[in-house]
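# Per-entry structural report
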Amino acid sequence: MSQKIILTGITTTGTPHIGNYVGAIRPAIDASGNPEALSFYFLADYHALVKCHDPGLLRQSTLEVAATWLALGLDTDTCVFYRQTDIPEIPELTWILTCIAAKGLLNRAHAYKAAVQENEAIKAKDPDKGINMGLFCYPILMAADILMFKASRVPVGKDQIQHLEMARDIAARFNHHYGPTFVLPEAVTDDKTAILQGLDGRKMSKSYNNTIPLFTPEKKLRKLIMKIKTNSQPPEEPKDPETCTLFQIFQAFADPAETHALRQRYRNGIAWGEMKQYLFEYLNDHLRKPRERYAELLEHPDHIEKILQEGARKARDYSQPFLSQIRRTIGIASLG
Ligand code: TRP
């Protein structure tokens, strides 16, 4: 295979916000247009199941995340866009890798260790209290996602680097024992992609409850922007754009000329109320079209389903023959 494979998974929990868009979704959609690489993007709903045991919510999140990517213009003809649970080869490979992975390796996973530490902090009798095996084995499932498609580059947030190291470790162990089979993947983290500040000035994150949902209705969008924390400088005083959340959000959407012009307005003094109104109008103009497409897509889940089925078919063109090869490699073969 000559084409480079880029792959990333999107956990289907929660409603995407503008921080997700700027930091992950937009760069991924841009990368999918690159003819030198083939991109695999998938909805990681098996991963979502580790934390979400509400069937309605799981289904709704999957629908919303899929609709978001499509509304923003992901071209599903040039990439492979699918739902993890539509690829039965993935859980099978997960089990095969589970039998290779060292338990000690998984004991060291950050997410598992943090859960144990929380139990220790509250002096729980069992340090594994409330921890399911899905959380413990999460990195093996993720390794299967990646190794199944021979991905060499995996764009992720910095919090996922350890998972990539584990995928490499598991792949190398397999290759060492059975012979060269898996491609060793590399994490791609990007220092240049913006990390947006949220309403309260901390990093925009679902866990801080300070986000601006990407497709929130116009009225709500205005309300949220009006809530963004600013300092107490009077209207006419020159202001520093670089430390300002309003400016930072604007910059993430605007082109360099627009950003330059706004920087001047900060230097000349711009009232916070005026800036908030300007940011609202700017964002609203940019989001109007995709927001309409998003609403339209949510009304037609059958259309989204069709796209996902088509994506699964394309993905399985890779996963089915590769899993057959892996089965033969490990000695699961017809006896006839
Ligand atoms: N764990 C990733 C996250 O929370 C999501 C994910 C699942 C993923 N499988 C993957 C990312 C495979 C990259 C490759 O962000």
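Just so you know, these numbers come straight off a predicted model, no measurement behind them.

### Structural notes on the domain arrangement of the protein chain
- Here the protein chain is partitioned into domain 1 (4–194 + 301–330) and domain 2 (215–296).
- Taking the mean C-alpha position of each, domain 1 and domain 2 sit 34 Å from one another.
- Between domain 1 and domain 2, the contact holds 9 residues from the first and 7 residues from the second.
- Approximately 780 Å² of surface area, both sides summed, lies buried where domain 1 meets domain 2, with 71% of it carried by carbon and sulfur atoms.
- Taken together, domain 1 and domain 2 are joined by 0 salt bridges.
- Counting across the interface, domain 1 meets domain 2 through 2 residue pairs in polar contact (both at pLDDT 80 or more).

### Here's the deal with the site of the ligand
- Every one of the 14 residues lining the ligand counts as a neighbour, but T11, H47, Y138, D145 and Q160 are closest to it.
- At 2.9 Å, a side-chain N or O of Q160 approaches a nitrogen atom of the ligand.
- The protein chains hide 87% of the 360 Å² of surface that the ligand would expose on its own.
- Elements supplying a minimum of two residues to the shell around the ligand: β1 (4–11), β2 (37–44) and α7 (133–148).

### Comments concerning the packing of helix α12 (residues 272–299) against helix α13 (residues 301–330)
- As a packed pair, α12 and α13 sit with axes 5 Å apart at the nearest point and diverge in direction by 90°. Considering the angle they form, α12 stands roughly perpendicular to α13. Residues L297, L298 and E299 of α12 form the contact with α13, whose participating residues are P301, H303 and I304.

### Brief notes about the layout of surface pockets
- Here the second largest pocket is characterised by a volume of approximately 180 Å³.
- Lining the second largest pocket are Y46, L49, V50, P91, T94, M133, G134, C137, Y138 and L141.
- Among the elements that take part in the lining of the second largest pocket, α7 stands out by supplying 5 residues, more than any other.
- In terms of residue class, the lining of the second largest pocket is made up of 8 nonpolar, 2 polar and no charged.

Analysis parameters
Residues numbered from 1 in each chain as written. Predicted model: local features only at pLDDT ≥ 70, side-chain atom pairs only at ≥ 80, totals over all residues. Heavy atoms only, no water. Domains from an automatic or database assignment. Contact = heavy atoms within 4.5 Å. Buried area = accessible area lost by both parts, 1.4 Å probe. Salt bridge = Lys/Arg side-chain N within 4 Å of Asp/Glu carboxyl O. Polar contact = N/O pair within 3.5 Å; in protein donor to acceptor, adjacent residues only side chain to side chain. Near = heavy atom within 4 Å. Areas by Shrake-Rupley, 256 points an atom, 1.4 Å probe, with all protein chains shown as cover. Helix = DSSP H or I, 4+ residues; strand = E, 2+ residues; numbered from the N terminus. Axes fitted to C-alpha atoms, helices over the stretch in contact; angles between N-to-C directions. Parallel < 35°, antiparallel > 145°, perpendicular 65-115°, else oblique. 1 Å grid on protein atoms, 1.4 Å probe; cavity = no way out; pocket = protein on both sides within 12 Å on 5 of 7 lines; lining within 4 Å. Points joined across faces, edges and corners; volume = space filled by probe spheres on them. Nonpolar A, V, L, I, M, F, W, Y, C, P; charged D, E, K, R; others polar.

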